[in-house]
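# Understanding the architecture of this molecule
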Amino acid sequence: MLVAEGISLVYPNHNGGLQALRDVSFQVAPQEFMCLIGPSGAGKSSLLHILAGLEQPTAGRVLVEGRPLTAPQRRIGFVFQKANLMPWRTVLSNVMLPLELAGVPRAEAQKRALELIALVGLSGFENAYPSSLSGGMEQRAAIARALVHDPPILLLDEPFGSLDALTRERMALELLRIWEARRKTVVMVTHSIPEALFLADRVLVLGPRPGHIVAHITVPLPRPRTLDMLYDKAFGDLSDRVRAAIGINGSS
Ligand SMILES: Nc1ncnc2c1ncn2[C@@H]1O[C@H](COP(=O)(O)OP(=O)(O)OP(=O)(O)O)[C@@H](O)[C@H]1O
Ligand SMILES: [Mg+2]
């Protein structure tokens with residue numbers, strides 16, 4: 001579904017360039033949920049931008065369903081770390097915005113937006129402005145907006161990064177529910193090892209700059225996932241493996 005082939009990225013600077021990514025290759029299968037984890041500055045956001053066609057790699061290429069990606073596409077939804085909603089637009093009109101821009105007739109756009117608002121659990125808040133929403137609600141509106149073209153691929157860059165631990169847990173469950181309902185191919189960046197293991201079929205670990213793959217860890221936990229799995233021994237063992245790959249020592 002999504003293939004990264006030998007991706008390298010050098011950001012130009014006055015010092016011969018800053019290498020952010022080095023020879024990153026992987027494949028994501030249709031409907032697979034992959035998490036990307038790694039230390040700050042490892043190039044996770046850069047890689048996600050390349051997968052979205054928002055940034056061009058210096059070397060290598062991205063294939064989407066076998067075709068090289070050269071520009072952003074409607075087939076790829078993107079959720080930024082900050083919700084980035086338009087403050088002067090209501091939830092409904094934020095979610096409708098991509099459809100408006102694509103020239104979808106208003107009635108049709110509204111129907112699709114309302115469905116997604118229900119899917120992310122924001123019914124009743126269609127006419128609310130972003131300033132009156134909690135952080136988690138804003139993120140859910142942003143997820144609805146990213147899903148509005150019904151993209152087969154959804155990319156999320158630390159979508160719960162700014163939320164407290166409890167809200168984060170609820171959002172993770174919510175995201176799984178949405179993924180189970182819509183079966184997208186997902187690549188999500190997170191800093192949280194439990195979150196990555198709870199959500200993903202596979203965790204890709206990037207080592208420090210220049211970002212390169214240090215481990216692919218398959219998560220064999222059964223689905224549907226439940227929060228009590230977080231306390232299973234299998235979960236603890238997987239966490240240890242991810243920690244070891246990242247280079248965090250000691251046990252916890
Ligand atoms: N637009 C840019 N121009 C120049 N350098 C950049 C740009 N964006 C990122 N970088 C550099 O590339 C490297 C990787 O940055 P990136 O944001 O991809 O890391 P990250 O893994 O997402 O980090 P974090 O976990 O802190 O979000 C960093 O050294 C950063 O300074
Ligand atoms: Mg980042």
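Since this is a predicted model, take the numbers as computed values, not measurements. (Residues numbered from 1 in each chain as written. Chains lettered and ligands numbered in written order. Predicted model: local features only at pLDDT ≥ 70, side-chain atom pairs only at ≥ 80, totals over all residues. Heavy atoms only, no water.)

### Thoughts on the pattern of salt bridges
Here is the rule: The salt bridge criterion pairs a side-chain nitrogen of Lys or Arg with a carboxyl oxygen of Asp or Glu, the two atoms within 4 Å. Here a strand is any run of E in DSSP of at least two residues, a helix any run of H or I of at least four, and the numbering for each starts at the N terminus. When accessible area is computed with a 1.4 Å probe and restricted to protein chains, residues below 20% of their type maximum are described as buried, those above 50% as exposed, and intermediate ones as partly exposed.
Taken as a whole, this structure holds 13 salt bridges when the rule is applied. When the shortest N-O distance is used, the salt bridge between Glu65 and Arg75 registers 2.2 Å. A residue pair is termed long-range when its members are at least 10 positions apart, and Glu65 in the loop between strand S4 (59-64) and strand S5 (67-68) and Arg75 in the loop between S5 and strand S6 (76-79) qualify at ten residues. Classification of Arg75 as partly exposed rests on a relative accessible area of 32%. Of the charged contacts in the structure, one is a salt bridge between Glu115 and Lys111, with a shortest N-O distance of 3.9 Å.

### Thoughts on the side chain of Ser239
Note the threshold: By definition, residues are in contact when any of their heavy atoms lie within 4.5 Å.
Within the fold, Ser239 resides in helix H7 (residues 233-246). Classification of Ser239 by relative accessible area gives buried; the value is 8%. Those residues within four positions of Ser239 in sequence are excluded, and the remaining contacts are Ile193 and Leu197.

### Focus on the sheet that holds S5
Convention followed: Any two strands are treated as partners once DSSP identifies two or more bridges connecting them.
An order of S2-S1-S4-S5 is seen for the four strands of this open sheet, with the pairing classed as antiparallel. In this open sheet, the two strands that pair with only one neighbour each are strand S2 (18-28) and S5. Examined bridge by bridge, strand S1 (residues 2-11) and S4 share five bridges and lie antiparallel to one another. From the neighbouring strand, Leu2 faces S4, where its bridge partner is Val64.

### Regarding the site of ligand 1
As a reminder of what qualifies: Residues are classed as near a molecule or strand on a simple rule: at least one heavy atom within 4 Å of it. Here a polar contact is recorded for every N or O atom pair within 3.5 Å, except that within protein the pair must consist of a potential hydrogen donor and a potential acceptor, and residues adjacent in sequence are included only if both atoms are side-chain atoms. The method behind every accessible area is Shrake-Rupley, applied with a 1.4 Å probe, and residues are considered shielded solely by the protein chains displayed.
Contacts to ligand 1 come from 14 residues, most closely from Ser40, Gly41, Lys44, Ser45 and Ser46. Tyr11 is positioned with one of its side-chain polar atoms (N or O) 3.4 Å from a nitrogen atom of ligand 1. Separating an oxygen atom of ligand 1 from a backbone N or O atom of Gly41 is a distance of 2.8 Å. Protein contact buries 61% of the 630 Å² of open area that ligand 1 shows by itself. A per-element tally of the shell around ligand 1 places helix H1 (residues 44-51) first, with three residues.

### A few points about helix H5 (residues 165-182)
Put simply, the test is: One less than the residue count of a helix, multiplied by 1.5 Å, gives the span that helix is expected to have.
Look at H5: 25 Å from first C-alpha to last across 18 residues, which is about the 26 Å you get at 1.5 Å a residue. Turning to H5, its buried residues number three or more, namely Arg168, Met171, Ala172, Glu174, Leu175, Leu176, Ile178 and Trp179. Packed against the buried residues of H5 are strand S3 (33-37), helix H3 (106-119), helix H4 (135-147), strand S7 (153-157), strand S8 (185-189) and helix H6 (193-199). For H5, the side-chain oxygen to backbone nitrogen distance between the N-cap and Leu166 is 3.1 Å, and the N-cap itself is Asp164. A positive backbone phi angle near 50 degrees is found at Arg183, which sits one or two residues after H5.

By themselves these figures say nothing about function.
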